[in-house]
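What follows is each chain in one-letter form.
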Amino acid sequence: MEERVSCLKREILTRMGDKRPFLVAIEGGSASGKSTLGGALAKALDATLVHMDDFFLPMELRTPERFAQPGGNVHWERVKDEVLQPLTQGKPLEYGVFNCGVMAVDRICRERPREVVIVEGAYSLHPQLRAYFDLKVFIQVEETTQKARILARNGEKMLQRFLKEWIPLEKAYFEACGVKDCCDLIL
């Protein structure tokens, strides 16, 4: 992990020049290490960290038509409207945090963005979002490692749900939207 963080830190510092805030997306499949890497990198750079998990799709948007769209199972519109557009306009962050326990936004995150802002999570490089990012990173994970991590983190019942539902949606999105192809770095 330290090697990846050092590599990414160097890459960001080399690329950012006078660009503030410098926006980084860390994309990848379930249990690939996006959150871990994003957290470690944010600490190393004293960066702002935004989690795509805070933008789960609300119940009223969970329709067959929406789920038929590659990447349609995330509320990318809120990411764009509440995070990325304000950042490019030099405004502070103020976005709703989705709580899966109540299946709704239940609190507001407010903070002044630091020089580097990292958005980590699956669907962070949705086609409607990717143009905002200055550095796009994709993390690959071996299938056996992915299964072991999900099992340890979420248990057997949720592993089956990941395998049958979420991982196939992620793979379809990666392929249909050319996610790896748009990335600057693949780890």
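For the structure itself, look to the data block above.
This is a predicted model, so every value here is computed, not measured. (Residues numbered from 1 in each chain as written. Predicted model: local features only at pLDDT ≥ 70, side-chain atom pairs only at ≥ 80, totals over all residues. Heavy atoms only, no water.)

A. Summary view of the nonpolar core. Residues Val-50, Val-83, Leu-84, Tyr-95, Leu-125 and Phe-133 are the most contacted members of the largest nonpolar core, which totals 30 residues. With 5 residues, the single largest contributor to this core is helix α4 (residues 76-88). When sequence neighbours within four positions are dropped, the list of residues in contact with Leu-125 reads Ala-25, Glu-27, Arg-130, Phe-133, Lys-136, Val-137, Tyr-173, Val-179, Cys-182 and Cys-183. Grouped together as the second largest cluster of nonpolar side chains are 19 residues, Val-5, Leu-49, Val-116 and Leu-135 included. (Core = buried A, V, L, I, M, F, W, Y, C linked by side-chain atoms within 4.5 Å. Buried < 20%, exposed > 50% of the residue type's maximum accessible area, 1.4 Å probe, protein only. Helix = DSSP H or I, 4+ residues; strand = E, 2+ residues; numbered from the N terminus. Contact = heavy atoms within 4.5 Å.)

B. Molecular detail of the environment of His-126. Residue position: His-126 is located in the loop between β5 (116-120) and β6 (135-139). Overall, His-126 belongs to the buried group, its relative accessible area being 7%. Remark: the alpha-carbon pair of His-126 and Ile-139, spanning 13 residues in sequence, is separated by 15 Å.

C. Representation of helix α5 (residues 143-176) within the structure. Spanning 34 residues, α5 covers only 20 Å between terminal C-alpha atoms, well under the ideal 50 Å at 1.5 Å per step. Listed as buried for α5 are Gln-146, Ile-150, Leu-159, Phe-162, Ile-167, Glu-170, Tyr-173 and Phe-174. Check the buried side of α5 and you find it contacts β1 (22-28) and β6. Positive phi appears at Gly-178, one or two residues downstream of α5, with a value of about 55°. (Expected span 1.5 Å × (residues − 1).)

D. Examining the state of the cysteines more closely. Evaluated as defined, the whole model comprises 0 disulfides. Cys-177 forms no disulfide, and the closest cysteine sulfur to it belongs to Cys-182, at a distance of 9.3 Å. Cysteine Cys-182 is unpaired, with the sulfur of Cys-183 as its nearest cysteine sulfur at 4.4 Å. Residue classification places Cys-182 among the buried residues on the basis of a relative accessible area of 18%. (Disulfide = S-S within 2.5 Å.)

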